Amino acid sequence: MRNGGSGIIIKYPDGKEVSGTLSEIEGKLKKAKAVAVRVNGGLQDLSQLGHLGDEVSLETVTFDSPEGKEIYRHSTSHIMAHAVKTLFPKAKLAIGPATVEGFYYDFDLDRPLTPEDIEHIEKKMGEIINENRPFNRRVISKTEAERFFKDAGEEYKVELLKEITDESVSVYEEGGFMDLCRGPHVPSTGTVRAFKLLSIAGAYWRGDEKNKMLQRIYGTAFDREKDLKEYLSFLEEVKKRDHRKLGRELDLFSINDEIGAGLILWHPNGALIRKTIEDFWRNEHLKADYSLLYTPHIAKLDLWNRSGHLDFYRENMYSPMEIEGVDYEIKPMNCPFHISIYKSSLKSYRELPVRYAELGTVYRYERSGTLHGLLRVRGFTQDDAHIFCREDQIEDEILNILDFTLFILKTFGFDSYDVYLSTRPEGYVGNLENWDRATNALIQAMEKKGLTYEIDPGAGVFYGPKIDIKVKDSLGRAWQCSTIQVDFNNPERFDVGFRGSDGKEHRPIMIHRALMGSLERFFGILVEHYAGAFPVWLSPVQVAVLTIAERHANHASAVAERLKSEGIRTVLNIDNEKIGHKIREATIRKIPYLGIIGDREVAETRISVRKRSGEDLGAMTEDALMTRLKEDITRRR
Ligand SMILES: [Zn+2]
Ligand SMILES: [Zn+2]
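Figured I'd write up the structure that's included with this text.

So, how was this worked out
- Residues numbered from 1 in each chain as written.
- Chains lettered and ligands numbered in written order.
- Predicted model: local features only at pLDDT ≥ 70, side-chain atom pairs only at ≥ 80, totals over all residues.
- Heavy atoms only, no water.
- Helix = DSSP H or I, 4+ residues; strand = E, 2+ residues; numbered from the N terminus.
- Buried < 20%, exposed > 50% of the residue type's maximum accessible area, 1.4 Å probe, protein only.
- Contact = heavy atoms within 4.5 Å.
- Lys, Arg positive; Asp, Glu negative; His and termini not counted.
- Charge placed at Lys NZ, Arg CZ, Asp CG, Glu CD.
- Pairing = 2+ DSSP bridges.
- Axes fitted to C-alpha atoms, helices over the stretch in contact; angles between N-to-C directions.
- Patch = residues over 30% accessible without salt bridge, like charges linked within 9 Å, V, L, I, M, F, W, Y side chains within 5 Å.
- Areas by Shrake-Rupley, 256 points an atom, 1.4 Å probe, with all protein chains shown as cover.
- Salt bridge = Lys/Arg side-chain N within 4 Å of Asp/Glu carboxyl O.
- Donors = N, O, S within 2.8 Å, 3.2 Å for Na, K, Ca; no water.
- Tetrahedral: all angles 85-135°; square planar, octahedral: opposite > 155°, others 65-115°.
- Arc of directions from axis to C-beta.
- Parallel < 35°, antiparallel > 145°, perpendicular 65-115°, else oblique.
- Nonpolar A, V, L, I, M, F, W, Y, C, P; charged D, E, K, R; others polar.
- Right-handed = clockwise from strand over helix to strand, strands pointing away.
- Left-handed = near helix turned anticlockwise from the far one by under 90°.

**Some details on the overall build of the chain**
Scanning the chain for helices and strands turns up 19 helices and 32 strands. Counting only C-alpha atoms, the chain reaches 90 × 80 × 55 Å along its principal axes. Within the chain, buried positions represent 49% of all 637 residues. The long-range share in the chain, meaning contacts at least 24 apart out of those at least 6 apart in sequence, stands at 68%. Each charge class in the chain can be summarised by its mean position, and for the 91 positive and 100 negative side chains these summaries are 3 Å apart.

Right, dumping it as structure tokens:
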């Protein structure tokens, strides 16, 4: 944009040029629903247009872009703080950023907020939006800002100001409410078209549990009412599927404070599903030429020194325990054990690749505030494997693992995923040449497989680069599950070798991989993905046999016995209750098939079969029901 004379020329990044006066340009930006502008690469308020120099490039920022959403939602958090300040004049303000899906603001209040308070705050926000006051930016000296916020009793803002090294700071004011902020913001409060406050939570000032607990209000905002409505119904669906809620209702698992935070108790229903997953996992690994291992839960501390975990991973490890004067450590990883088994005999080049797999239980320290149901825990079982191969085998092995991973994920109904390549982090071990070779091997394999991937710079593990796969669940949410990591380093550290065709000692390459990640987390994802309605092959109970009246009990028992003897997980309900009640109860338990037996069924030696969805499959013979169930199970449906 050239700011010469009366005319302005905007040069858009795509090369297009538009000319006009300042007010004409402002009109155009308004029409384009701009929430801010990008000037020479930096984001600015629309109101700063008048202060532009010569020859600048200008880009419209709308709600449709990630930055636009952030500005829009962060501006809404100002409006929320304004409303809170109006209703609770003594409230002290902390911070109010945008999040990926909305915004929050932390407040220090003298009493806990109630749902009614939230309604009042929303109403007040609506009024502020209707007034459509402009967001005014002012740059003032840091001293002046400090004086202002100190006089206003805003101690958190004063603390934030102390950390700013600049001489001057920007403040934004709308409708008499002023906040310390870098900006930019939407032009006026009326820009915000649809918003909703969602929840209240406790949050420590600066996330530090030593500080005061503040009250955080979460909300979100959209530029169309329709999109807000859609998002709110998505949130409803997420709430319905919450694995902690379904875990209780379906009696799958629990976490008990007497046992400890982040430690999972698998109840019979959950344990049966886990066993089914484990059986499938082990069988498929044997078919894919893996050997299965079991290794101990503790090992000498020295082992973790040698593996580099003590240097790079200490904050996630528990304190050592002393046994006969030697320090032992509960394992955060399975790798060194597998290395030890590999090294227990001499290997020749002909024996490679060696593939070891273990459902290995590990323990890692996670801060209590970050624990979340099954998704973030302290003790978990990795579906771990380590592959030792020659350098000429690495690409094939990665291709193999990719195929295997996608097959396993597909079995659980995940056929859409995001793939990431994580490259060398700042803290790393090994030489750069090895890092490059490993990274290239991963790239080659992904390209051969035709996988599109994104690069996650610096997110690799300390010993090597990795491929991460995030699966998309039935609500379109992405979950990190699979990881494939190339490692040139541990073979060096542990002096792992093989005898080459030249008769000399060589170093194998090690690949660490987990397909589901951990059984706990994967199970939590599955509960939400299926909304608790597990496919037949995974369901703890596969069929419920229900009687209409007491006189049908003998016949029903015989049917149930036959199903059980064929390995079908069956429950029988011959209680003296109405059939409608029995059907409801079995449906709530999300049992896939209900077999109903009454007079006609006894007379015709048939069973009336319905699905938990309510779909009526009509009357069928025992054999027909059995075939149907067995087919579902073998096809993993
Ligand atoms: Zn702001
Ligand atoms: Zn490993």
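Here the narrative resumes.
**Considering the sheet that holds strand β30 (residues 593–597)**
Here we have 5 strands laid out as an open sheet, ordered β29-β28-β30-β31-β32, and mixed in their pairing. Only two strands of the sheet have a single partner each, and these edge strands are β29 (570–573) and β32 (616–620). Averaged over all neighbouring strand pairs, the angle between strand axes comes to 20°, with direction disregarded. Here helix α17 (residues 579–588) sits on the sheet in contact with β28 (543–547), β29, β30 and β31 (607–611), set at roughly 170° to β28.

**Focus on a nonpolar patch on the surface**
The grouping of Ile 298, Met 321 and Ile 323 at the surface amounts to a nonpolar patch, some 200 Å² of accessible area in total. With respect to the helices, strands and loops of the structure, Ile 298 is situated in strand β16 (residues 298–300).

**Structural notes on the sheet that holds strand β11 (residues 194–204)**
Across the sheet, 4 strands lie side by side as β6-β7-β12-β11; this open sheet has antiparallel pairing. The open sheet has two edge strands, β6 (92–93) and β11, and neither has a second partner. Judged from the 10 bridges that link them, β11 and strand β12 (residues 213–222) form a sheet pairing that is antiparallel. Looking at the pairing, Leu 197 lines up with Gly 219 of β12. Against the sheet, helix α6 (residues 225–241) touches β11 and β12, its axis set at about 45° to β11.

**Concerning the coordination of the zinc ion (ligand 1)**
Taken together, the protein ligands of the zinc ion (ligand 1) are His 74 (NE2), His 78 (NE2), Cys 181 (SG) and His 185 (NE2), with distances of 1.9 to 2.1 Å. One can describe the site at the zinc ion (ligand 1) as tetrahedral: its 4 donor atoms subtend angles covering 90 to 125° at the metal. Every donor residue of the zinc ion (ligand 1) comes from the same chain, spaced as H-x3-H-x102-C-x3-H. The pair formed by Cys 181 and His 185 is uniform in burial state, with each residue classed as buried.

**A look at the coordination of the zinc ion (ligand 2)**
The coordination sphere of the zinc ion (ligand 2), as far as protein atoms go, consists of Cys 335 (SG), His 386 (NE2) and His 512 (ND1), spread over 2.0 to 2.3 Å. The motif formed by the donor residues of the zinc ion (ligand 2), counted along the single chain, is C-x50-H-x125-H. In this pair, Cys 335 sits in helix α11 (residues 335–343) while His 386 sits in strand β20 (residues 379–389), placing the two residues 51 residues apart along the sequence. Its relative accessible area of 3% is what places Cys 335 among the buried residues.

**Here's the deal with α17**
Turning to α17, its buried residues are Lys 582, Ile 583 and Ala 586. All buried residues of α17 project into a common sector of 100° when viewed along the axis, lining one side. For α17, the exposed residues lying more than 90 degrees away from the buried face are Arg 584 and Ile 588. At its buried positions, α17 is contacted by β28, β29, β30 and β31. Lys 590 sits one or two positions beyond α17 and adopts a positive phi of about 60°.

**So, the pattern of salt bridges**
A full pass over the atoms with the stated rule returns 53 salt bridges. Salt-bridge contacts for Arg 38 lead to Glu 67; the nearest nitrogen and oxygen are separated by 2.6 Å. Highlighted residues: Arg 38 in strand β3 (residues 34–39) and Glu 67 in helix α2 (residues 66–87), separated in sequence by 29 residues. Residues Lys 157 and Asp 179 are paired through a salt bridge, measuring 2.9 Å at the closest nitrogen-oxygen approach. With a gap of 22 residues between them, Lys 157 in helix α5 (residues 155–162) and Asp 179 in strand β10 (residues 177–180) connect regions that are remote in the sequence. Comparing Lys 157 with Asp 179, the two get one shared label, buried.

**Side note on the packing of helix α8 (residues 268–287) against helix α15 (residues 519–529)**
Two numbers describe how α8 lies on α15: the axes approach to 11 Å, and their chain directions differ by 110°. Taken together, the axes of α8 and α15 are roughly perpendicular relative to one another. Here Gly 270, Ile 273, Arg 274, Ile 277 and Glu 278 of α8 lie close against α15, whose contacting residues are Leu 519, Glu 520, Phe 523 and Leu 526. Taken together, the residues of the contact of α8 with α15 sort by class into 5 nonpolar, 1 polar and 3 charged.

**Some thoughts on the environment of Ile 217**
Within the secondary structure layout, Ile 217 lies in strand β12. Judged by its relative accessible area of 0%, Ile 217 is buried. Along the chain, Ile 217 and Leu 197 lie 20 residues apart, while their C-alpha atoms are 7.2 Å from each other.

**Observations concerning the pairing of strand β21 (residues 417–422)**
In this structure, β21 lies alongside strand β23 (residues 466–472), joined through 6 bridges in antiparallel fashion. Bridge assignment links Asp 418 to a residue of β23, and that residue is Lys 470. Two strands pair when backbone bridges link them, and β21 and strand β22 (residues 453–456) are joined in this way by 4 bridges, in the parallel orientation. In the strand pairing of β22, Leu 421 is matched with Ile 455. Running through helix α13 (residues 432–448), the crossover from β21 to the neighbouring parallel element β22 is right-handed.

**Looking at the packing of α8 against helix α12 (residues 394–411)**
The interhelical angle for the contact between α8 and α12, taken along N-to-C directions, is 150°, at an axis separation of 12 Å. For the element pair α8 / α12, the angle class is roughly antiparallel. The element α8 and its partner α12 pack so that their crossing is right-handed. Across the interface between the two elements, Phe 280, Glu 284 and His 285 of α8 pack against Phe 404, Phe 407, Ile 408 and Thr 411 of α12. For the contact of α8 with α12, the class distribution of residues is 4 nonpolar, 2 polar and 1 charged.

**Quick look at unusual backbone geometry**
The amide bond that connects Gly 183 to the next residue, Pro 184, takes the cis arrangement and shows omega of -5°. By secondary structure assignment, the location of Pro 184 is in the loop between β10 and β11. A cis geometry characterises the amide bond from Leu 352 onward to Pro 353, with omega recorded as 0°. With respect to the element layout, Pro 353 can be found in the loop between α11 and β19 (354–363). A positive phi angle, close to 50°, is found at Asn 132, a residue other than glycine. Within the fold, Asn 132 resides in the loop between α3 (115–131) and β8 (136–141).

It is worth stressing that arrangement in space is one thing and function is another; only the former is reported here.
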